[in-house]
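Chain by chain, the residues run as shown.
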Amino acid sequence: MRISVFGLGYVGTVCAACLADQGHTVIGVDINQEKIDILRSGHAPIVEKDIDALVARNVAEGRLKVTSDSFEAVAETDLSLVCVGTPSRHNGSLDTSAVEAVVAQIGDAIAAKERYHSVVIRSTVLPGTARERLLPILEARTGGQLGVAFGLASNPEFMREGTAVADFKNPPKTVMGAMDEPTSDLLNELYGNMSAPVFRVSTEVAELAKYADNVWHALKVAFGNEIGTLCKTLRIDSHEVMDIFCSDTKLNISKAYLRPGFAFGGSCLPKDTRALAQFCVSKDVDAPIIANLMTSNKRLVERGVDWILNTGAKKIAFLGFSFKAGTDDLRESPYVTVIEQLIGKGCSIRIFDRNVELARLMGANREYLYHVIPHIADLMVGSLDEVLDGAEVIVTTAHAPEYIHAIETIRPEQRLLDFARIPGSEKLGDRYDGFHW
């Protein structure tokens, strides 16, 4: 393939050298003459394992060239990768001015050529940037239409400094968010030999995927350091504690608990989170992540209440209300809190949960429920038909076969609000809404 790479900093240099080493013809573009001179001499303008050898070999063999002329680069290639920086402004917002300027230059160059040209954004940009900001620039500068004169896609990189070359060759995943079929085809060809999972998604999903990764990495570092701060204060070996933590690949280092849904509850997570947060305070340890977990969880419950109230409905049916599917544990269940607050707002509530039998509830479980909703027995019904009868809004809280059946039988005037992402709910169209999807 013939590829131009705009921006020869860290990401651009690695992408250009690695693509050339795969046999593609690559033209690197940058406005910094010093970088161009360094690359032309067969050296890399960055310090990174293996990159110097890749640059030297591919410059010598003619597969990697560099220029400051964007018109020349676009004219001689079919696809442009945009790899320029997106720094923070003083207020923390993202500065995309360099990306926009480069896309404008590419647009002008596309207008001067007759062949279709694909623009692929490798720079880290927020969701909506390509569609809402870059697409209008390309339309204005080319005078053409998406899918006719040019293509546009988001293709974020997942490379780490220090292992960038290895990460390019063996990425954890490849994410492609193309807006048009020709660009999608080019990206499929470009990454066809990659062994990593490939995700073909919308442009916005591709853009946000990079942020989900980086903020999660930041959270992991910060969480580990908060545990380390507490350990240091207590004269406990923090690495020993976290070695035990990281050994659990079933729950801790895994997919567990990372699916967007509703607030956490139960007998352990709220109690232990509060206890550790208060313990940090008592030891004068500043741990803002741990301290704010319960605040974040409370905000979810408040949003859940508002979400239901905003429907304007007063007659609401709950399918399930224990804190976790397949249990009868109601202690600190966020759904119990939601129901209690809806009652306070004048809503009429009916509940069906086959796992909860009031006569069988004992100990702290029973005590908690009757403390929050003393008249809970008046709200619970014994069948799906009874709970659905007369309801304006149906709220699902867990996966259960009978709930899926209930969705298939609800009446046209009823709406479904889903905290659990029940399969098949999307067939309800605008009568359905999911809490985080």
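Since we're looking at a predicted model, the values are computed, not measured.

What counts and what doesn't
Within every chain, residues take consecutive numbers counted from 1 along the sequence as written. With the structure being a predicted model, the display of local features is reserved for residues of pLDDT at least 70 and the display and counting of side-chain atom pairs for 80 or more, all residues being used for whole-chain, interface and lining totals. The side-chain values count all of the structure's non-hydrogen atoms but skip hydrogen atoms and water molecules. As used throughout, domain bounds are those supplied by an automatic or database domain assignment. UniProt positions are given in the numbering used here, feature names are shortened, and annotations may be inferred rather than shown by experiment. Under the DSSP-based scheme used, a helix requires at least four consecutive residues in state H or I and a strand at least two consecutive residues in state E, with every element numbered from the N terminus. To sort residues, take the accessible area from a 1.4 Å probe on protein chains only and compare it with the maximum for the residue type: under 20% means buried, over 50% means exposed, and anything in between is partly exposed. We treat two strands as partners when DSSP finds at least two bridges between them. Looking down the strands as they point away from you, a crossover is right-handed if its path from the first strand over the helix to the second goes clockwise. One side-chain nitrogen of Lys or Arg within 4 Å of one carboxyl oxygen of Asp or Glu is enough to make a salt bridge.

**Student:** Can you tell me about the domain arrangement of the chain, naming the residues and giving the values?
**Tutor:** Domain annotation of the chain identifies domain 1 (2–202) and domain 2 (297–434). Once you take the C-alpha centre of each, domain 1 and domain 2 turn out to be 49 Å apart.

**Student:** Pulling in residues and values, what's your account of the UniProt feature "active site" (unreviewed entry) in the chain?
**Tutor:** Per the UniProt annotation, the sites labelled "active site" (unreviewed entry) are Cys 268. For Cys 268, the location among the structural elements is in the loop between helix H10 (238–247) and helix H11 (269–282). Overall, Cys 268 belongs to the partly exposed group, its relative accessible area being 44%.

**Student:** Describe in detail the pairing of strand E9 (residues 315–319), supporting the description with residues and values.
**Tutor:** With four of five residues buried, E9 lies mostly within the body of the structure. Summarising the sheet, E9 and strand E10 (residues 348–352) pair through five bridges and their orientation is parallel. Bridged to Lys 315 within E10 is Ser 348. The parallel pair E9 and E10, bridged by helix H13 (residues 334–344), forms a crossover whose chirality is right-handed. Inspection of the sheet shows E9 paired to strand E11 (residues 393–396) by four bridges, in the parallel sense. Looking at the pairing, Leu 319 lines up with Thr 396 of E11.

**Student:** Describe the pattern of salt bridges, and please don't skip the residues or the numbers.
**Tutor:** If you walk through the whole model with that rule in mind, you get 19 salt bridges. Between Glu 413 and Arg 411 there is a salt bridge; the shortest N-O distance is 2.7 Å. Of the residues examined, Glu 413 reaches a relative accessible area of 53% and is grouped as exposed.

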